Amino acid sequence: MKEKLLHTPEGVRDIYNSECKRKSAVEKRIHHILELYGYQDIETPTFEFFDIFNSDTGTVSSVEMFKFFDRNNNTLVLRPDMTPSIARSVAKYYSACEFPLRLSYRGNTFLNNRSYQGKLTEKTEMGAELINDDSPEADAEGIIMMIDCFLAAGLTDFRIDIGQAEFYKGIMDALEASEEVKEQIHEYIENKNALGMEILLSDLSMKDCYRNILLEYNDLYGDVTMLEKAKKLTINPRCQAAIARLEEVYEVLKLYGYEKYVSFDLGMVNHFDYYTGIIFRGYTYGTGDAIGKGGRYDNLLAQFGKEASASGFTILIDDVLSALSRQNISISLKEYAYSLLLYKSEDRQNAIPLVVKLRDAGVRTELVSITEGKMLEEYLAFGKNQGAEGILYLDGENVTVYDMASGEQETKTLQEFREEY
Ligand SMILES: N[C@@H](Cc1c[nH]c[nH+]1)C(=O)O
């Protein structure tokens, strides 16, 4: 029975000790980037009414959500996606604002999928949304920030793939085919199944320009030169405009010197229906799935009563962390330098002013009273395991400093020690 009490449900887990420290360090760095671009923090609730995420929103499908009821029988869901919550909140609190609004967030999202290959159903996301700006610069800003966030986290080898929801929609809306056929086409594009597409199209009559583009879909991937090729394949004005937009975004990326990080993928299929323009995903080695996702969603806020353009992205923090460990990239925890101050209860009147002084000086210090019957060595081992860089031991009028990295120790009088800090 006791043993069972120690388990967590499938798909969720504890994050503790050094892993938790690494996670906080990465979050801190990413947050710094979001702040540098002028984004302001916002918090929304962990659960919301089901309607915020219903099928009109175009987010995760209903079966993938954790649902429950409140005492008035309203259906609630653990948020599966941060973006609709931000859209709801903006429509409510910034309804009259017409200027660019930059909001950033950190929060956990929940997907009720079968957890396979150790995939988690609870994920920590950090992201940013830019509302009331429909410019190519705004599209580019999300991509540029995602790159800066990856760099700040310590990744060096990553790639951002950029697609266009409008390009795909341009073709699909112009295509005279049944919904069933369109769904099949969607699936073949998503799975990059060129043979399936060829067989499907051989039985269908359609304009050559659409047939050609569907047959070439798998090859609509690569650097900016691929866009030239795609432009020649279609005269559809929506598709042309969609490509022109990508070219404009590319120009902005070049001004930042960030074009080296990006590739274009017109075969990228929206994972959410709310996207209306550019879509992008960040990939690195050591994780199969994207570690960052984003795009433009100009119709979502209208669902909550505010007509406003919007774009943004999110970074999957847990996946960034596992990529960093698989790539053997260590995260310096220097900014988290910390120590333990050990004292015996009879020295409390000296220990408290001392710990206050240390904290005032910016040293992160845990105050630990030594339990009778326990050995100092046991505490030193515990502190080392906790990642403490230094341990102080207050014993009457003396303070001994143990340097955990070098193993050296030095004893000073309390007076001498106070004068140093
Ligand atoms: N919420 C999206 C990412 C995003 C943020 N803003 C725009 N898109 C996702 O989870 O995939």
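Residues numbered from 1 in each chain as written. Predicted model: local features only at pLDDT ≥ 70, side-chain atom pairs only at ≥ 80, totals over all residues. Heavy atoms only, no water.

Taking an unreviewed UniProt entry as the reference, the protein chain is identified by name as ATP phosphoribosyltransferase regulatory subunit belonging to Anaerobutyricum hallii. A UniProt comment under Function (unreviewed entry) is attached to the protein chain, and it reads "Required for the first step of histidine biosynthesis. May allow the feedback regulation of ATP phosphoribosyltransferase activity by histidine." Under Subcellular location (unreviewed entry), UniProt gives the following word-for-word description of the protein chain: "Cytoplasm". (UniProt positions renumbered as here; feature names shortened; annotations may be inferred.)

Chemist: Which parts of the structure should I look at to understand unusual backbone geometry?
Modeler: A negative phi angle characterises most non-glycine residues, just as the trans form characterises most peptide bonds. At N17, a position not held by glycine, the phi torsion is positive, near 50°. Along the chain, N17 turns up in helix 2 (residues 17–36). Residue class for N17 comes out partly exposed when judged on its relative accessible area of 26%. Unlike most non-glycine residues, N73 shows phi in positive territory, near 70°. With respect to the helices, strands and loops of the structure, N73 is situated in the loop between strand 3 (67–69) and strand 4 (75–78). (Helix = DSSP H or I, 4+ residues; strand = E, 2+ residues; numbered from the N terminus. Buried < 20%, exposed > 50% of the residue type's maximum accessible area, 1.4 Å probe, protein only.)

Chemist: In this structure, what is going on with the sheet that holds strand 16 (residues 398–403)? I would like to understand it.
Modeler: The strands making up a sheet associate through backbone hydrogen bonding, with each pair oriented either parallel or antiparallel. In spatial order, the strands read 14-13-15-16-17; together these five strands make up an open sheet with mixed pairing. Each of the sheet's edge strands pairs with one partner strand only, and the pair in question is strand 14 (364–369) and strand 17 (409–413). Pairwise comparison of adjacent strand axes, ignoring direction, gives a mean angle of 20° for this sheet. Bridge count between strand 16 and strand 17: five bridges; the pairing is antiparallel. (Pairing = 2+ DSSP bridges. Axes fitted to C-alpha atoms, helices over the stretch in contact; angles between N-to-C directions.)

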